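# Coordinate inspection notes
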Amino acid sequence: MRKTDISKYTDKIDVQPKKESGFKKVLSVIGRALLTILLVLVVAGLIVSISVGAYVIKIANEPTGIDLNARSLNLSSFIYVENKQNGQFEEYQTLYGTENRIWVDLKNMPKAMPEAIVAIEDKRFYEHNGVDWYRTGSAVLSLVTGRDNYGGSTLTQQLVKNITDDSEVSLTRKLREIFRALNIEREYSKDDIIEAYLNVVNFGNNCQGVESASQLYFNKPIGECTVAECAAIA
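What counts as what
Residues numbered from 1 in each chain as written. Predicted model: local features only at pLDDT ≥ 70, side-chain atom pairs only at ≥ 80, totals over all residues. Heavy atoms only, no water. Salt bridge = Lys/Arg side-chain N within 4 Å of Asp/Glu carboxyl O. Helix = DSSP H or I, 4+ residues; strand = E, 2+ residues; numbered from the N terminus. Buried < 20%, exposed > 50% of the residue type's maximum accessible area, 1.4 Å probe, protein only. Phe/Tyr/Trp six-rings, centres within 6.5 Å; stacked < 30°, edge-to-face > 60°. Lys NZ or Arg CZ within 6 Å of the ring centre and 35° of its normal. Axes fitted to C-alpha atoms, helices over the stretch in contact; angles between N-to-C directions. Parallel < 35°, antiparallel > 145°, perpendicular 65-115°, else oblique. Contact = heavy atoms within 4.5 Å. Nonpolar A, V, L, I, M, F, W, Y, C, P; charged D, E, K, R; others polar.

### Focus: the pattern of salt bridges
Within this structure, the stated rule accounts for seven salt bridges. Asp-122 serves as the salt-bridge partner of Arg-135, at 3.8 Å between the closest nitrogen and oxygen. With Arg-135 in helix α4 (residues 133-144) and Asp-122 in the loop between α3 (112-121) and α4, this residue pair connects regions lying 13 residues apart in the sequence. Across the pair, Asp-122 and Arg-135 agree in class, each one buried. Put simply, Lys-174 and Glu-177 hold a salt bridge, and the shortest N to O gap is 3.0 Å. Of the two residues, Lys-174 and Glu-177 are both situated in helix α6 (residues 171-187); the distance of three residues between them amounts to about one turn of the helix. A residue is classified by how much of its surface remains accessible, and Lys-174, at 28% relative accessible area, is partly exposed. Owing to a relative accessible area of 4%, Glu-177 belongs among the buried residues under this scheme. Linked by salt bridges that have partners in common, Arg-173, Lys-174 and Glu-177 make up one network.

This is how it looks when you write it as structure tokens:
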């Protein structure tokens, strides 16, 4: 059998590693860059999520600092003079500083007064736990779409804002308001909340509460107001 010496052929073959094309190199660099960016975003997202979660928990556990039973509000004072003809003392003048407020218990108001407020301001007042998530979502959607005329605050949230006088326009303030409203609903009954609301909120012309409003607009106590008059005040 004839033997063939292949060494004389292999010596002439120049075997070199195959070079990677320039396009593949570019793709490789882009891929590594995108992966790095993705990892950075994931880590940053985790850090932000943990920070926000910790802050929300902190706010949720803060005491509301609101005592609806204390009634430590500015109330109006009255000057009475004696009527010489009948010997009765009659109201002569009402004195107040920055707020004209006359506290009246819910039981002394017409049933139509809280009903009117609920119908106008917060239809699901007796159903939610301080925050109406449906209205809140609708309010956010309205802001996103440019229709910022949809209010999302419940009566409880409005009460919190009026008592604390916290009117800062920020997400932090809104979160505080939400958790305070949730906590108030756990601590007080619906009647306690709406009674406080009807005595705290401004009803125009510096009238804080429905009693001072009825005295100004109809010259009589809220207990004597008709359904139509209650609706007008609300």
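### Here's the deal with the packing of aromatic side chains
Scanning the entire structure with this criterion turns up one aromatic pair. On the numbers, 4.9 Å between centres and 75 degrees between planes, the contact of Phe-125 with Tyr-126 is edge-to-face. We note Lys-190 situated over the ring of Phe-125; from NZ or CZ to the ring centre the distance is 4.4 Å.

### Overview of unusual backbone geometry
Even without glycine at this site, Asn-206 takes up a positive phi of about 65 degrees. Note that Asn-206 resides in the loop between α7 (190-200) and β4 (207-208). Not every positive phi belongs to a glycine, and Asn-219 is a case in point at roughly 55 degrees. Take Asn-219: it is sitting in the loop between α8 (210-218) and α9 (227-233).

### Overview of the packing of α3 against α7
Running from N to C, α3 and α7 cross one another at 90 degrees; their axes reach a closest spacing of 11 Å. In terms of orientation, α3 lies roughly perpendicular with respect to α7. From α3, Met-113, Pro-114, Ile-117, Val-118 and Glu-121 reach across to α7, where they touch Ile-194, Tyr-197 and Leu-198. Along the lines of polarity and charge, the residues of the contact of α3 with α7 split into seven nonpolar, no polar and one charged.

### Digging into α8
Considered for burial, the residues of α8 that qualify are Val-210, Glu-211, Ser-212, Ala-213 and Ser-214. Lining the buried residues of α8 we find β3 (100-101), α3, α7, β4 and α9. At the exit of α8 stands Asn-219, carrying a positive phi of roughly 55 degrees.

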